[in-house]
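Reading the structure
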Amino acid sequence: MISQFFVLSQRGDNIVFRDYRGDVQKGSAEIFFRKVKFWKDDGEEEAPPVFNVDGVNYFHVKVVGLLFVATTRVNMSPSLVLELLQRIARVIKDYLGILNEDSIRKNFVLVYELLDEVIDFGYVQTTSTEVLKSYVFNEPIVIDAARLQPLNPASMFMQGTKRMPGTAVTKSVVANDPGGRKREEIFVDIIEKISVTFSSSGYILTSEIDGTIQMKSYLSGNPEIRLALNEDLAIGTSGGRATYDYRSSSGSGSVILDDCNFHESVRLDSFDIDRTLSLVPPDGEFPVMNYRMTQEFKPPFRINTLIEEAGSLRAEVILKISAEFPSNITANTIIVQMPLPKYTARATFELEAGAVGQTTDFKESTKRLEWGLKKISGGSEHTLRAKLTFSQELHGNITKEAGPVSLTFTIPMYNVSKLQVKYLQIAKKSSSYNPYRWVRYVTQANSYVARI
Amino acid sequence: MAPPAQSSRYPSPSQPSGKGEVSDLRLQLRQLAGSRAPGVDDSKRELFKKVISYMTIGIDVSSLFGEMVMCSVTPDIVLKKMCYLYVGNYAKVNPDLALLTINFLQRDCKDQDPIIRGLALRSLSSLRVANLVEYLVGPLGSGLKDNNAYVRTVAVMGAVKLYHISASTCIDADFPATLKHLMLNDSDSQVVVNCLFALQEIWNSESSKSEEATREKEGLISKPFIYYLLNRLREFNEWGQCLVLELVAKYVPSDTNENFDIMNLLEDRLQHANGAVVLATIKVFLQLTLSMADVHQEVYERIKAPLLTLVSSGSPEQSYAVLSHLHLLVMRAPYIFASDYKHFYCQYNEPSYVKKLKLEMLTAVANESNTYEIVTELCEYAANVDVPIARESIRAVGKIALQQYDVNAIVDRLLQFLEMEKDYVTAEALVLVKDLLRKYPQWSHDCIAVVGNISSKNVQEPKAKAALIWMLGEYAQDMDDAPYILESLVENWEEDAPEVRLHLLTAIMKCFFRRPPETQKALGIALAAGVADFHQDVHDRALFYYRLLQYDVSSAERVVNPPKQAVSVFADTQSNEIKDRIFDEFNSLSVVYQKPSYMFTDKDHRGPFEFSDEIGNLAVGVESEHEVPATSVDANETSDLLLSTTEKEETRAMVANGSDYTAPLYDSSTRALPSQGQSELAITNLLGTSDPGPQASMAIDDLLMGLDLTAPPAPASAPPSLKLNARAALDAGSFQRKWRELPVAIYQECELSSQGAAALTSAQALLQHMQGNSIQCIASGGQSPNFKFFFFAQKAEEPSVFLVECKINTSTAKAQLNIKAEDQSTSHGFSALFQSALSRFGTS
């Protein structure tokens, strides 16, 4: 059972504090914040999500820079509590449209209302936005979304293609559109996070795709939905279940998932036959399906690094990045990072002629090179030359002192796994009922690393 | 709600300090209290919000209690809710004022709107004021019967709240029985779940006082109830499912078919997107298959993919919780995960607590086929910018080397580390090379050549410096300038850590024995510095060496530098006992902390599921009359199933010789009820063979049961005659409970007759004999020569019982007794009786 729940700002202020059992001292938020803040002093990098101080267990998750914390004296399931914290954050976001310090402060009474129904006397009651609707009466005070655009995770869908309605993903499930009418619409997002490690010779050491089909429904009356995936989708390449080895057929275009899991509401009656999922989507945002894939795929970017020593106090680094995806696709907000030798004193950069929207930086404190590119379109190549000056003479191999090169990026309307939503069918209430349907794809880098 | 009071000590500009604002608010509230003007509710809302926001940031607004209550007479539900929140927060510190709220809360409990009824009932039961409970019983009673499910769910929680304010009021109102009825019959799943939460909490705390509650508590893991829950599982929301699954993991099916039925039923829960549901399901699977080695292994194969999926989906925090569990399983059965090693590669952007777990997993799964790749990967991390992880990686490489796979190549890499010229890399590598040499002295030649090139000036960390010095001493004859390096180190005596100074003394001694003329000078300086040292250990060691040398140099050499044997295995830091405990507490914090729960929680807070663990400490013996005999099985096999292969073989062997230590052996369809209890006996057993058993096993008991062995027996004159009930009965649960509650009355050692010792070939023989003396056995274990028994006996005229823990070593014919008695005054009489019965064993 949970003793307390609280939300702290980055500075450690209480934004919300709810005590359910009265068996943990009132100063717990301060104890917690101190512990997290000074964790580094004990030689560790950052506080783990769960720790124990004087018999009190503190669980926390970080969401949009806020700390969502629960305390208990009991030996609980850590997964349960962390999952719950994440879920509470999501419910609040469903209600407020945008989750941040400002929106919680403006709506804290509503948040208390939610917390009262989500947990009673330390026991979880429900985290379903749908169910909670009937017990919560405060109207959300919606904060101005436009102002926050660049920070909003949803913004990744909006760059590049202008087809997405910008307000949709930041809309509260309970608030009405101006004019009092609720727009009937549903969003299905296929979000893939990819991890690739290239060896120094450019060979792929490991690769993995972690994908989620995320849904956010604003449909009234809870109609049933059918979601059809690739017909040749196969699940399971290893492990204890009865599966066949499809590996031999890879390359023929079939999608093979290592494993996947589904949201509570998903029914798999016909999944084995025609790969369709049926569900009655609850209100709010939720993952329909999570999947994992280690089948080989074509990495969207290749990175070439060349280091040339020029005398004992100088070296030149040449970074080349090539986009290996179709030319009608554009990747956004690419950041290339590379740790340089500790004794690097200065770095000067030389971009290719006519470069637009590119930035370079040498982070003095962390000795890190940073190269930002606003956009890269498919099939193109970009190069950066960096001249390094060292404060002490080089000895040994410079490649042992620098690298690896890491990349972060977002590629809207593209997914590497080739998993697709073939169609999204909504059970019709009447012939005129035709809600908006948005199916969106995006690929993001999770850990994209090239060793040198 | 009230945040830390301290926070108001540092008011930031956005956080007013209070006083003025509060009195301002009071005025405004008063104005609005009586007003019926239109729009007054909106103004009230604004005011209430202000009050609550002050409350949140830690300003004491309890002085507004009266005004808040006055304003709360309103049909506006939003206002009502804010008022409830306020009242719930301050009632406890203002019990008198809380009385003011009773009236309107009670009236709201009868409102037409079920939501208002529910909310009012929740507030009423959250007041936490002891002298107001009389007002609570009525509304709670009708709330439990309400036709609206929301009100019932609130009322059920209200009943537990009442129990915490006044347990007797809750029991007297017969709420537990009402809850039980609801739990078994209510159509609403949340009501059922809440009843289960509530009853677990109530019965758990009542069971120390009442037999009935103990029975009820055990009823929660009975077959009918578990099946009832399993049949309704789909109705419960994910959190309710977690609760049910946690309970199912404690259930012991009576035959194998049942095991498979349950597993088939729960199979699809492994595909749930909620990690907590999946982990709870996995716990059920692991527990159900403990006694079925093959299936258990299949379970590992089956859960691999879902676990890996959970690790890679969700937030970093969630994936850490799952990863900790995966880590536990990998450590138990590394060979099953050997082919999945790539999943344990670190990603550059992972937090270090995740990387650490992964490094340990990589170390564990290394075997002949993957060592090369794993070590290559680890070497990449060693050059990493993240220094703590680089260090850990080097240590991991060293650990793999010590596991004996492909040592050759690894030694090369370690030596390359030494040449990298990064101080922390050198430091870690030195420590490893030292460990490696202790295990594989044959590599000394290669290593020493490289180590000899390291300048001791570049090594600063005490551990590394100590390692270097150890090698200088140990291989003084192979390193030409060893005496001179040591000598230069002695010159900086003051600057080094005590650890280094200790090593320096020993190393110089060793060097001296081999190359006396070159070392003599350094030795003299070192001994002088050592004897003058302020550090006690350094001082003592120097003085000791000095006197030893004075006495006889060759004796000194035998003492300080005897021929050494290579170390074959370095001691594991955690005992198997502890590891098993953690495994039994799967899906809890124990796994994340890598500690069993008794190490980080106090007794009252072990969680609602603790009770069956308690039963679990004891194997139920065959002699206990009303128990199904099938519950006693050789647990060695089950609980140690997933130790490393070599350990497993050992354990198997033990089972083979020791199979007669439990009652008849049953086929694998019967499962060890409480595996950990048995493993306790099994471990006692294992220790007993290598070690003079009793102390070791006592240490374990001590740990497990918190026995206070040091309590001296209270001297009391034994009553002349003590009659025992020949048909005493006690179930394992009560035994366990009593054993825990009672202090040790008498600790005694006694002797068996030589015939008795000879006759004790199996535990069985003694049980019958003791039964003939009205002393019943409830659990037994062990194998020749060490046996362990738990006995109990009951007085003939009254229910007072005696409990005995008896450890017998047949080779020495000695027995150790721990006697506990409910009636302390007769404990000595009983002790005498017990000993005489024991001494007659084998002679009659």
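Residues numbered from 1 in each chain as written. Chains lettered and ligands numbered in written order. Predicted model: local features only at pLDDT ≥ 70, side-chain atom pairs only at ≥ 80, totals over all residues. Heavy atoms only, no water.

**Remarks on the overall build of chain B**
Assigned secondary structure in chain B consists of 42 helices and 5 strands. Residue burial in chain B is summarised as follows: out of 844 residues, 60% are buried. Entry remark: accessible area of chain B is about 33,600 Å², with carbon and sulfur atoms responsible for 52%. (Helix = DSSP H or I, 4+ residues; strand = E, 2+ residues; numbered from the N terminus. Buried < 20%, exposed > 50% of the residue type's maximum accessible area, 1.4 Å probe, protein only. Areas by Shrake-Rupley, 256 points an atom, 1.4 Å probe, with all protein chains shown as cover.)

**Focus on the packing of aromatic side chains**
Inspection of the entire model under this criterion finds 39 aromatic pairs over all chains. Here Y135(A) and Y150(B) contribute two aromatic rings whose centre-to-centre distance is 4.2 Å and whose plane-to-plane angle is 20°, an arrangement assigned as stacked. Here Y135(A) is found in the loop between α5 (129-132) and β8 (185-198), whereas its partner Y150(B) is found in helix α8 (residues 149-165) on a different chain. We classify Y150(B) as buried; its relative accessible area is 7%. For the ring pair Y86(B) and Y90(B), a centre distance of 5.2 Å and an interplane angle of 55° mean the geometry is tilted. Separated by 4 residues within a single helix, Y86(B) and Y90(B) lie in helix α4 (residues 77-90), roughly one turn from each other. Three or more aromatic residues joined by ring pairs make a cluster, and in this case those are F6(A), F17(A), F32(A), W39(A), F51(A) and Y58(A). When the ring centre of F337(B) is taken as origin, the NZ or CZ atom of K304(B), which lies over that ring, is 5.9 Å away. Over the ring of F583(B) we find R332(B), and its NZ or CZ is 3.9 Å from the ring centre. (Phe/Tyr/Trp six-rings, centres within 6.5 Å; stacked < 30°, edge-to-face > 60°. Lys NZ or Arg CZ within 6 Å of the ring centre and 35° of its normal.)

**Considering the interface of chain A and chain B**
Contacts between the two partners involve 95 residues from chain A, matched on the other side by 97 residues from chain B. Taking both sides of the interface into account, the surface hidden between chain A and chain B amounts to around 8,000 Å²; carbon and sulfur atoms contribute 54%. The largest contributions to the chain A side of the interface with chain B come from N75(A), Y123(A) and E264(A), which together make up 8% of the buried area. The interface formed by chain A and chain B holds 8 salt bridges in total. Between E113(A) and K81(B) there is a salt bridge; the shortest N-O distance is 2.9 Å. There are 39 residue pairs in polar contact (both at pLDDT 80 or more) connecting chain A and chain B. The greatest single-element share of the side of chain A that touches chain B, amounting to 8 residues, is contributed by helix α2 (residues 78-96) of chain A. (Contact = heavy atoms within 4.5 Å. Buried area = accessible area lost by both parts, 1.4 Å probe. Salt bridge = Lys/Arg side-chain N within 4 Å of Asp/Glu carboxyl O. Polar contact = N/O pair within 3.5 Å; in protein donor to acceptor, adjacent residues only side chain to side chain.)

**Focus on the sheet that holds strand β24 (residues 405-412) of chain A**
Backbone-to-backbone hydrogen bonds pair the strands of a sheet. The strands run either parallel or antiparallel. Strands sit in the order β13-β16-β9-β8-β26-β24-β19-β22-β21 (chain A) across an open sheet of 9 strands; the sheet is mixed. Here the strands that pair on one side only, and so sit at the sheet edges, are β13 (259-262) and β21 (358-363) of chain A. Averaged over all pairs of adjacent strands, the angle between their axes in this sheet comes to 15°, without regard to strand direction. Where β24(A) lies against strand β26 (residues 436-450) of chain A, 6 bridges are found, and the strand directions are antiparallel. Residue pairing in the sheet places P412(A) in a bridge with V442(A) of β26(A). α2(A) contacts β9 (204-217) and β16 (284-293) of chain A of the sheet and is inclined by roughly 135° relative to β16(A). Contacts from helix α17 (residues 293-312) of chain B reach β9, β13 and β16 of chain A within the one sheet, and its direction differs from that of β13(A) by about 70°. (Pairing = 2+ DSSP bridges. Axes fitted to C-alpha atoms, helices over the stretch in contact; angles between N-to-C directions.)

**What about the side chain of T71(A)?**
All names here are of chain A. Along the chain, T71 turns up in strand β5 (residues 66-72). Within the structure, T71 has its side chain in polar contact with the side chain of Q4 (distance 3.0 Å). If we ignore the near neighbours within four places in the chain, the residues touching T71 are I2, S3, Q4, F6, V24, V56, N57 and Y58.

**Brief notes about the nonpolar core**
Residues F68(A), I104(A), V61(B), Y86(B), L326(B) and F417(B) are the most contacted members of the largest nonpolar core, which totals 271 residues. Here the element with the most residues in this core is α2(A); it accounts for 11 residues. Within the second largest apolar cluster, 72 residues are counted, among which are A347(A), L369(A), I426(A) and A450(A). (Core = buried A, V, L, I, M, F, W, Y, C linked by side-chain atoms within 4.5 Å.)

**Some remarks on the sheet that holds strand β3 (residues 50-53) of chain A**
All names here are of chain A. With antiparallel pairing, 5 strands are arranged side by side in an open sheet as β2-β1-β5-β4-β3. Among the strands making up the open sheet, the edge pair consists of β2 (14-19) and β3. If you compare each strand with its neighbour and ignore which way they point, the axes differ by 20° on average. Pairing geometry for β3 and strand β4 (residues 56-63), over 4 bridges, is antiparallel. Residue pairing in the sheet places V50 in a bridge with F59 of β4. Packing of α2 onto the sheet brings it into contact with β1 (4-8), β3, β4 and β5, and relative to β4 it is tilted by some 40°. Set on the sheet, helix α4 (residues 108-118) makes contact with β1 and β2; between it and β2 the angle comes to about 30°.

**Points about the pattern of salt bridges**
Pairing between side chains of opposite charge can happen when their charged atoms approach one another. Per the counting criterion, the structure on display carries 64 salt bridges over all chains. With a shortest N-O distance of 2.4 Å, K133(A) and D283(A) are connected by a salt bridge. Here the residue K133(A) occupies a position in the loop between α5 and β8, and D283(A) occupies one in the loop between β15 (276-279) and β16, the gap between them amounting to 150 residues. Between R451(A) and E377(B) there is a salt bridge, with the nearest N and O atoms lying 2.8 Å from each other. One end of the pair, R451(A), is in the segment after β26; the other, E377(B), is in helix α21 (residues 371-382), on a second chain. Considered together, R451(A) and E377(B) belong to a single accessibility category, that of buried residues. What you see here is one network of salt bridges that share partners, running through R391(B), E392(B), R395(B), E428(B) and E461(B).

**Re the packing of helix α29 (residues 516-531) of chain B against helix α30 (residues 536-551) of chain B**
For any two helices packed against each other, the geometry is given by the interaxial angle and the distance between the axes. Residues and elements named next belong to chain B. Look at α29 against α30: their axes get within 7 Å of each other, and the N-to-C directions meet at 130°. Here α30 runs oblique to α29, going by the angle between their axes. In terms of crossing hand, the pair formed by α29 and α30 is left-handed. Contacts between α29 and α30 involve L523, L527, G530 and V531 from the first element and V538, H539, A542, L543, Y545, Y546 and L549 from the second. Tallied by class, residues from the contact of α29 with α30 come to 9 nonpolar, 2 polar and no charged. (Parallel < 35°, antiparallel > 145°, perpendicular 65-115°, else oblique. Left-handed = near helix turned anticlockwise from the far one by under 90°. Nonpolar A, V, L, I, M, F, W, Y, C, P; charged D, E, K, R; others polar.)

**Points about the packing of helix α13 (residues 223-232) of chain B against helix α15 (residues 256-266) of chain B**
All names here are of chain B. Two elements in contact, α13 and α15, have axes whose closest approach is 12 Å; the angle formed by their N-to-C orientations is 20°. Between α13 and α15, the angle falls in the class roughly parallel. The element α13 and its partner α15 pack so that their crossing is left-handed. Counted together, K223, Y227 and L230 of α13 and E258, I262, L265 and L266 of α15 form the full contact between these two elements.

**Examining the pairing of strand β3 (residues 786-794) of chain B**
As a general feature of sheets, a regular strand has side chains that alternate between the two faces. Residue and element names in this part refer to chain B. With 9 of its 9 residues buried, β3 lies for the most part within the structure. Of the two faces of β3, the one carrying N786, K788, F790, F792 and Q794 and the one carrying F787, F789, F791 and A793 are both buried. One ladder, built from 9 bridges, connects β3 with strand β4 (residues 801-809); its direction is antiparallel. Within the sheet, the bridge partner assigned to Q794 lies in β4 and is V801. Turn length for the β3-β4 hairpin, with the two strands adjacent in sequence and antiparallel, is 6 residues.

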